[in-house]
Amino acid sequence: MQDYLIRATAFDGRLRAFAANTTGIVEEMRRRHGTTPVATAALGRTATAGVMMGAMLKGEERLTIQVKGDGSIGQIVVDANAKGEVRGYVDNPRVDLPLNERGKLDVAGAVGEGYLYVIKDLGLKEPYRGSIPIVSGELGEDFTYYFAKSEQTPSAVALGVLVATDYSVQTSGGFILQLLPGMDDEEIAAIEEKLGNLPPITTLLADGADLEHILKGLVESVEVLERSDIRFQCKCSQERVEQTLISLGRDEIEQILREDGKAEVVCHFCNEVYEYNGEQLHNLVERLTNG
């Protein structure tokens, strides 16, 4: 099934919801970065949150999520935008930990303690920056805490990645429920009870449930406003890499020529390799020499 996202509302606009099936996106990231199951789960959960938060933006707006813990995975970085495009990487894709005491992938152990940052480029002079201390490292709870503290919006965030025995991604997805002004205690209590009894989202997706069905299981009156495709998309290109090389300056490029005879640039986000042979580097030196 094609990855997709839905945006919905309920209780006459007093609750808004986002849900995403990101199975293909997370499998693409796993394939490109060669992540271990625990790294796949950590990156996949963050990317799923990112693509849903991207759906809260408009036009050319975009955001970057950085999870900077002291665990062995290092930093998790995800970029997303309002067009349903997302990309990401982890510092240590090969991190490998034993299962936790519940027999699950130890994402919290891989992430460790530290901070979660959200930087939004809203087309203003300065980007919006929000941060919270990592409260669990499981990431769903951390994004719940982020929305409550940084955006003052009580939210419930569920994120999950189910990794198959061959390390491929079997299912991946999540949802965000946000309570807006006007919800009464009884309505909130009913949602909390359903959330408490809800199986993991990966279980629901693996059983064939679609996003609309999952949201309706939580809020019967939910009304889907929009359904849109989402995808892994990197912004790197031969032209961008060339500009990066040019920014090094003539002396640096000449040194690369002398020592290696060629250049290899690898994109952090998608692991694409760009190679420049000696002739191409000579041409760059000439362009810089002749202005």
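If you're wondering where the values come from, they're calculated on a predicted model, not measured in any experiment.

**Remarks on the sheet that holds strand 8 (residues 155–163)**
With respect to topology, five strands assemble into an open sheet ordered 8-9-2-1-10, the strand pairing being antiparallel. The sheet is open, and its two borders are formed by strand 8 and strand 10 (223–229), each paired with just one other strand. Averaged over neighbouring strand pairs, the angle between their axes works out to 10 degrees when direction is ignored. Where helix 2 (residues 37–54) meets the sheet, its contacts fall on strand 1 (4–10), strand 2 (15–21), strand 8 and strand 9 (169–179), and the angle it forms with strand 8 comes to roughly 140 degrees. Of the strands in this sheet, strand 8 and strand 9 touch helix 4 (residues 140–150), which is tilted by about 155 degrees from strand 8.

**Some words on the pairing of strand 8**
In terms of residue burial, strand 8 counts as a mostly covered element, since eight of its nine residues are buried. When strand 8 meets strand 9, the two strands line up antiparallel, connected through nine bridges. Counted as the bridge partner of Val-157 is Ile-176 from strand 9. Remark: five residues form the turn of the hairpin made by strand 8 and strand 9, two consecutive strands paired antiparallel; Tyr-167 in that turn has positive phi of roughly 80 degrees.

**A short note on the environment of Lys-194**
With respect to the secondary-structure elements, Lys-194 resides in helix 5 (residues 185–197). Residue classification places Lys-194 among the partly exposed residues on the basis of a relative accessible area of 29%. Contacts of Lys-194, omitting those with residues within four sequence positions, involve Gly-217, Leu-218 and Glu-220.

**Quick look at the packing of helix 9 (residues 250–259) against helix 10 (residues 278–289)**
Interaxial distance between helix 9 and helix 10 falls to 10 Å at its minimum, and their mutual angle equals 160 degrees. Of the possible angle classes, the one that applies to helix 9 and helix 10 is roughly antiparallel. Crossing of helix 9 over helix 10 shows left-handed handedness. Of helix 10, the residues touching helix 9 (which contributes Arg-250, Ile-253, Glu-254, Ile-256 and Leu-257) are Gly-278, Leu-281, His-282, Leu-284, Val-285, Leu-288 and Thr-289. Residue composition of the contact of helix 9 with helix 10, by class: seven nonpolar, three polar and two charged.

**Quick look at the pairing of strand 4 (residues 75–81)**
Most of strand 4 sits out of view: seven of its seven residues are buried. Residues Gln-75, Val-77, Asp-79 and Asn-81 line one face of strand 4 and the alternating positions Ile-76, Val-78 and Ala-80 line the opposite face, and both faces are buried. With seven bridges connecting them, strand 3 (residues 62–69) and strand 4 associate as antiparallel partners. Bridging across to strand 4, Lys-68 finds its partner in Gln-75. Where strand 3 folds back onto strand 4 in an antiparallel hairpin, the turn is made up of five residues, including Gly-74, whose phi is positive at roughly 75 degrees. Where strand 4 lies against strand 5 (residues 85–90), five bridges are found, and the strand directions are antiparallel. Among the inter-strand pairings, Val-77 is bridged to a residue of strand 5, identified as Tyr-89.

**Concerning the sheet that holds strand 6 (residues 114–121)**
Within a sheet, each strand pairs with its neighbour through backbone hydrogen bonds, oriented either parallel or antiparallel. The six strands lie next to each other as 7-6-3-4-5-11, forming an open sheet whose pairing is mixed. With partners counted over all chains shown, the strands left at the sheet margins are strand 7 (128–133) and strand 11 (231–232), one partner each. Contacts from helix 2 reach strand 3, strand 4, strand 5 and strand 6 within the one sheet, and its direction differs from that of strand 4 by about 30 degrees. Along the sheet face, helix 4 touches strand 3, strand 6 and strand 7 and points at about 125 degrees away from the line of strand 7.

**Points about unusual backbone geometry**
Backbone geometry follows two general trends: most residues other than glycine have a negative phi, and most peptide bonds adopt the trans configuration. Residue Gln-152 is not a glycine yet carries a positive backbone phi of 50 degrees. The phi dihedral of Tyr-167 falls on the positive side, at around 80 degrees, and the residue is not glycine. Locating Tyr-167 in the fold gives a position in the loop between strand 8 and strand 9. Looking at Tyr-167, the relative accessible area reads 43%, which means it is partly exposed.

**With respect to the environment of Glu-193**
By secondary structure assignment, the location of Glu-193 is in helix 5. Sequence spacing of Glu-193 and Phe-232 is 39 residues, and the spatial spacing of their C-alpha atoms is 34 Å.

**So, the side chain of His-33**
Within the secondary structure, His-33 is located in helix 1 (residues 23–33). A relative accessible area of 9% places His-33 in the buried class. Apart from the residues lying within four places of it in its own chain, the contact partners of His-33 are Leu-43, Gly-88, Tyr-89, Pro-93, Arg-94, His-268, Phe-269, Cys-270 and Asn-271.

About the criteria used
Residues numbered from 1 in each chain as written. Predicted model: local features only at pLDDT ≥ 70, side-chain atom pairs only at ≥ 80, totals over all residues. Heavy atoms only, no water. Pairing = 2+ DSSP bridges. Helix = DSSP H or I, 4+ residues; strand = E, 2+ residues; numbered from the N terminus. Axes fitted to C-alpha atoms, helices over the stretch in contact; angles between N-to-C directions. Contact = heavy atoms within 4.5 Å. Buried < 20%, exposed > 50% of the residue type's maximum accessible area, 1.4 Å probe, protein only. Parallel < 35°, antiparallel > 145°, perpendicular 65-115°, else oblique. Left-handed = near helix turned anticlockwise from the far one by under 90°. Nonpolar A, V, L, I, M, F, W, Y, C, P; charged D, E, K, R; others polar.

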